[in-house]
Amino acid sequence: MTTLIYDGTFEGLLTSVFEVYDRRLDRVNLQKTGLNSNALFEDKLQVITDYVRANRVLKGLKQKVSSMGIQRLYAAHLAEMDGEENSLLGYIRYAFDAGQNIEEDYGNKFVMRVSEMVRMVRREKHRMEAFVRFQKLKDETYYAAVEPDFNVLPLLIRHFKSRYADQKWIIYDIKRKYGIYYDLHDTQYISLDFASVNKPGDVIAAFTEDEGIYQHLWKNYFSSVNIPSRKNTKLHVRHIPKRYWKHLTEKI
Amino acid sequence: MNADRITEKLNILADAAKYDVSCASSGSKRKNENKGLGNASNGICHSYTEDGRCVSLLKILLTNHCIFDCAYCVSRKSNDIQRAAFTVQEVVDLTINFYRRNYIEGLFLSSGIFKDADFTMERLVRIAKKLRTEHNFNGYIHLKSIPGASDELMNEAGLYADRLSVNLEMPTEAGLKLLAPDKNQADMIKPMGYLKNAIIQRTEEKKLFKKAPIFAPAGQSTQVIIGATPENDSEVLRSANYFYKNFNLKRVYYSGYVPVLADSRLPALNTSVPMVRENRLYQADWLMRFYGFKVNEIVNDAQPHLDLDIDPKLSWAIRNMQAFPVNINKADLQMILRVPGIGLLSAQKIVSARKFGKLNWDQLKKMGVALNRAKYFVICNSTEFERRDLTGNNIKQFILATSQSKFLKNTQVQLNLF
């Protein structure tokens, strides 16, 4: 058993695949830097992310897996779940070693696991598309803070860019301390100094005057459409788990 | 803007609109053009009320003034309630500002009938037109077709709206006559028929000319109220089936009647909302639209009502034990879809995955099959399978005993009271 230690990036993952084939490794355990495993008698190998090698692996993978499949692998990678890089590695090795396209072989444990992770990440992405609540700042920028379970910001860009093409906006991931900023032309990754801004109420001074009015109207609307005789708290919480409430205008 | 006045209006007119259950914001493919605002492609539920229903659109009435006196409706003429009306500009401002903050997918605009059908419809169309042409708004717009509105207005509505709907209100003509004496089904069906033909025609044009305008891209839907009149499930589902087949409807919504008014023709005020029945009707509706079931297989003269304690697919299966067991590794997709506990996605996964090798219980479970139900009806690559010669009734008892129905808890609470 060889333990490969990589930096947690997608390119790092692909470089690790390169190492596996280059060194003809058989039984491997892939893990992120910083997680110490203390097994005494095992080989350790620090994988240094190499874009040329990563690209070679990606190019080879494209021969074996559809472009949708590559996107799915990337989405599963964004789950950043500890220990699950072995499922990704297993999937990629299975894809390389098989004679046919294996994307739909749901009987295979790696394919099934990756499919589960993709579903989890996409669900979180979809939740963010729903639960982002913009607040209008004085400079006409719409700002939203989020704390998604997985690192889904990169997957959100396309949706928000095509939807809110005529307004400047920022979606900021407080947990991972970075955000996306759209300036009416392009998006870029940014990081802000005020890490302490994690409640929509915190930066009231920076809001436009009508921001408070529309938040008030939205809260009113939300309570008006409820039908008390159909109350179903279990269903309500299943749809909007409590951890999302602190960023939802209507639930604060 | 007078915030207090708008708040008051919003409260009244959102409250009056909430019994319309349609919430879909999907099915359209409107793109954001020329850097405008919004698009309508995939449905998103932005929030959920405490009763667990989704909030996707700003669902409001333009006004709750109404010349009709339908017994089941809060806004009926003879009901002594506060009345209000939005101006065109107020609706536009609310929609745009809610949309920009990512609260909603778009607007669902309905209205009480004031003056006459055309007058009301013209107002609704004007709002949609303003949003589209003056504000370059490409979000989702769902307009109510007012029964009796002219073809010209319906045509204009189709050009600006993504979806249009006429509520049939009662599953049968007789039910409608009883509770809504001012309305008749012919008036409701007329705009529906016009739109159906217009949609077909415009879709043909679109195939020939890429630049042809899109026309109600998310189609039409309707709603029937359940439990206000004595129709059985068979009548409800047959009526739904008729409208799916003859008017190409995208959706029929079933709205369990919420008693809000005292009237001798209606269930008493303390009657509970028929939520389980509503749920079973939706399940049956899905079986008809996605699972290849014919309405006769789900309900018929021998079975005029859906089982309340088990879902309609399981109910069909235990009445048709001769069709089982199904071999997961060989059967057609159509047959796999009929197995209780297997949904659309897992059925497709099964059919894809079995090309690579025979599937066993463990793999089925991982794919998301509900084995507690499916195990009685399938065989797979395993020596373990149900060997007892169970009757449909046995199976029903076993499944009820081992599963935790989402409704069972309520029943127990009610029993404990006695």
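Every chain is numbered independently, its residues counted from 1 as its sequence is written. Chain labels run from A onward and ligand labels from 1 onward, assigned in the order the entries are written. Totals for whole chains, interfaces and linings use every residue, but because this is a predicted model, local features are given only for residues with pLDDT of at least 70 and side-chain atom pairs only at 80 or more, for both listing and counting. The side-chain figures draw on all heavy atoms in the structure; neither hydrogens nor water molecules are used.

## Describing the UniProt feature "domain: Radical SAM core" (unreviewed entry) in chain B
- UniProt positions are given in the numbering used here, feature names are shortened, and annotations may be inferred rather than shown by experiment. As recorded in UniProt, the feature "domain: Radical SAM core" (unreviewed entry) lies at residues 61–198 of chain B.
- Secondary structure elements are taken from DSSP: a helix is a run of H or I of four residues or more, a strand is a run of E of two residues or more, and numbering for both begins at the N terminus. Between the C-alpha atoms that bound residues 61–198 of chain B there is a distance of 26 Å. The span itself is 45% helix and 10% strand.

## As for the pattern of salt bridges
- Take a side-chain nitrogen of Lys or Arg and a carboxyl oxygen of Asp or Glu: if they are within 4 Å of each other, that pair is a salt bridge. Within the structure shown, the criterion is met by 42 salt bridges over all chains.
- Taking the shortest distance from any N to any O, the salt bridge between K125(A) and E129(A) comes out at 2.9 Å. Placement of both K125(A) and E129(A) in helix α5 (residues 109–131) is noted, with a separation of four residues, approximately one turn of the helix.
- In this structure, R30(B) and D162(B) form a salt bridge, with 2.9 Å as the shortest nitrogen-oxygen distance.

## Overview of the packing of aromatic side chains
- Aromatic pairs are defined between Phe, Tyr and Trp rings, using the six-membered ring for Trp, whenever the two ring centres lie within 6.5 Å; interplanar angles under 30 degrees are classed as stacked, those over 60 as edge-to-face, and all others as tilted. Counted according to the given criterion, the structure contains 29 aromatic pairs over all chains.
- Aromatic side chains W218(A) and F98(B) sit 5.4 Å apart centroid to centroid with 80° between the ring planes, which places their arrangement in the edge-to-face category. Residue W218(A) is found in helix α7 (residues 209–224), and its partner F98(B) is found in helix α2 (residues 88–100); the two belong to separate chains.
- Exposed residues in this analysis have more than 50% of their type's maximum accessible area, buried residues have under 20%, and partly exposed residues fall in between, with area computed by a 1.4 Å probe over protein chains only. Assessed through its relative accessible area of 0%, W218(A) is described here as buried.
- F98(B) gets classed as buried once you look at its relative accessible area, which sits at 0%.
- Residues F293(B) and W316(B) carry aromatic rings whose centres are separated by 5.2 Å and whose planes lie at 85° to one another, so their mutual orientation is edge-to-face. Of this pair, F293(B) sits in the loop between α8 (275–290) and α9 (295–298) while W316(B) sits in helix α10 (residues 312–319), placing them 23 residues apart in sequence. The same class applies to F293(B) and to W316(B), which are both buried.
- Within the aromatic cluster, the residues linked to one another by ring pairs are F134(A), Y142(A), F160(A), Y164(A), W169(A), Y182(A), Y99(B) and F137(B).
- Here, a charge over a ring is recorded when the distance from Lys NZ or Arg CZ to the ring centre is within 6 Å and its angle to the ring normal is within 35 degrees. K251(A) extends its terminal NZ or CZ atom over the ring of W245(A), reaching a point 4.2 Å from the ring centre.
- Across the ring face of F119(B), the terminal group of K115(B) is positioned such that the distance to the ring centre comes to 4.3 Å.

## Brief notes about the nonpolar core
- Within this scheme, the nonpolar core is defined by two criteria: the residues are buried Ala, Val, Leu, Ile, Met, Phe, Trp, Tyr or Cys, and they are joined through side-chain atoms within 4.5 Å. Among the nonpolar cores identified, the biggest contains 104 residues, and Y72(B), L237(B), Y254(B), I342(B), I350(B), L364(B) and F377(B) are the most heavily contacted of them.
- Here a residue-residue contact requires only that any non-hydrogen atoms of the pair lie within 4.5 Å. Those residues in contact with I342(B), other than ones at most four positions away along the chain, are Y291(B), K313(B), I328(B), I336(B), L337(B), A347(B), I350(B), V369(B) and A374(B).
- Core analysis: the second largest hydrophobic core is formed by 87 residues, I180(A), Y221(A), M121(B) and L124(B) among them.

## Description of the domain arrangement of chain A
Residue and element names in this part refer to chain A.
- Residue ranges labeled as domains rest on an automatic or database domain assignment. Per the domain assignment, the segments making up chain A are domain 1 (2–123) and domain 2 (132–251).
- A separation of 33 Å is found between the C-alpha centroids of domain 1 and domain 2.
- Each side of the interface is counted separately: domain 1 has eight residues, and domain 2 has six residues.
- Summed over the three residues of domain 1 that lose the most area to domain 2, namely L78, E80 and V121, the buried surface amounts to 62% of that side.
- Polar contacts here mean pairs of N or O atoms no more than 3.5 Å apart (in protein, one a potential hydrogen donor and the other a potential acceptor; neighbouring residues in sequence count only if both atoms are side-chain atoms). There are two residue pairs in polar contact (both at pLDDT 80 or more) connecting domain 1 and domain 2.
- Each residue gets one of three labels, nonpolar for Ala, Val, Leu, Ile, Met, Phe, Trp, Tyr, Cys and Pro, charged for Asp, Glu, Lys and Arg, and polar for the others, Gly among them. Taken together, the residues that form the side of domain 1 that touches domain 2 break down as seven nonpolar, no polar and one charged. The term buried area refers to how much accessible surface (probe radius 1.4 Å) is lost by two components on association, counted for both of them together.

## Describing the sheet that holds strand β6 (residues 163–165) of chain B
All names here are of chain B.
- The rule for pairing is simple: two strands pair if DSSP sees at least two bridges between them. Strands sit in the order β3-β4-β5-β6-β7-β8 across an open sheet of six strands; the sheet is parallel. The sheet is open, and its two borders are formed by β3 (57–61) and β8 (251–256), each paired with just one other strand. Recorded for the sheet is a direction-independent mean angle of 20° between the axes of neighbouring strands.
- In this structure, strand β5 (residues 140–144) lies alongside β6, joined through three bridges in parallel fashion. Across the sheet, the residue bridging to L143 is L164, located in β6. For helices, the fitted axis covers only the stretch in contact; all axes are lines through C-alpha atoms, and the angles between them, taken along N-to-C directions, range from 0 to 180 degrees.

## Re a positive patch on the surface
- On the surface, a cluster of positive charge is made up of K29(B), K31(B), K206(B), K210(B) and K250(B).
- With respect to the element layout, K250(B) can be found in the loop between α7 (233–247) and β8. Patches draw on residues past 30% relative accessible area with no salt bridge. Two like charges within 9 Å are joined, as are two nonpolar side chains (Val, Leu, Ile, Met, Phe, Trp, Tyr) within 5 Å. The accessible surface values rely on the Shrake-Rupley method and a 1.4 Å probe; as for residues, cover is taken only from the protein chains in view. Charged-residue counts in this description rest on Lys and Arg as positive and Asp and Glu as negative, His and the chain ends being excluded. By convention, the point assigned to a charge is CZ for Arg, NZ for Lys, CD for Glu and CG for Asp.

## Re the packing of α2(B) against helix α3 (residues 117–134) of chain B
Residue and element names in this part refer to chain B.
- Direction vectors running N to C along α2 and α3 enclose 45°, while the axes themselves pass 10 Å from each other. By the angle class used here, α2 and α3 are oblique. In this structure, α2 meets α3 at a crossing whose hand is right-handed. Counted together, V88, Q89, V91, V92, T95 and I96 of α2 and R123, R126, I127, K130 and L131 of α3 form the full contact between these two elements.
- Class assignment of the residues belonging to the contact of α2 with α3 gives a composition of six nonpolar, two polar and three charged. Between 65 and 115 degrees an angle is taken as roughly perpendicular, under 35 as roughly parallel, over 145 as roughly antiparallel, and anywhere else as oblique. Crossings are assigned a handedness: left-handed for a near helix turned anticlockwise from the far helix by less than a right angle, right-handed for a clockwise turn.

## Looking at the interface of chain A and chain B
- Counting from both sides, the interface comprises 61 residues of chain A and, opposite them, 59 residues of chain B.
- For the pair chain A and chain B, the summed buried area comes to about 5,300 Å², and 53% of that belongs to carbon and sulfur atoms.
- The largest contributions to the chain A side of the interface with chain B come from R163(A), Y214(A) and R230(A), which together make up 17% of the buried area.
- The partner of R100(B) in a salt bridge is D166(A), and the shortest N-O contact between them spans 2.9 Å.
- At the boundary of chain A and chain B, one finds 36 residue pairs in polar contact (both at pLDDT 80 or more).
- Of all the elements in the fold, those that place two or more residues in the side of chain A that touches chain B are α5, α6 (153–163), α7 and α8 (233–239) of chain A.
- In terms of residue count, α7(A) provides more of the side of chain A that touches chain B than any other element does, twelve residues in total.
- In terms of residue class, the side of chain A that touches chain B is built from 25 nonpolar, 20 polar and 16 charged.

## Observations concerning unusual backbone geometry
- For the bond running from F324(B) to P325(B), omega is 0°, close enough to zero to count as cis.
- Within the element layout of this structure, P325(B) appears in the loop between α10 and β9 (326–327).
- One non-glycine residue, L184(A), adopts positive backbone phi at about 80°.
- The phi angle at N102(B) is positive, at roughly 65°, despite the residue not being glycine.
- The topology assignment puts N102(B) in the loop between α2 and β4 (106–110).
- According to the relative accessible area criterion, N102(B) is buried, its value standing at 0%.

## Observations regarding the layout of surface pockets
Residue and element names in this part refer to chain B.
- With a 1 Å grid spanning the protein atoms alone, the term cavity applies to any set of points in which a 1.4 Å probe fits but cannot get out, the term pocket to an open set with protein on both sides within 12 Å along at least five of seven lines, and the term lining residue to any residue with an atom within 4 Å of a point. Grid points are joined across faces, edges and corners, and a volume is the space filled by probe spheres set on the points. By volume, the second largest pocket amounts to about 750 Å³.
- Around the second largest pocket sit 28 residues that line it, and K206, P213, I214, F215 and P217 are the ones nearest its centre.
- Broken down by secondary-structure element, the contributors of at least two residues to the lining of the second largest pocket are α4 (151–160) and α6 (185–208).
- If you tally residues by element for the lining of the second largest pocket, the top one is α6, at five residues.
- Residue composition of the lining of the second largest pocket, grouped by class: ten nonpolar, seven polar and eleven charged.

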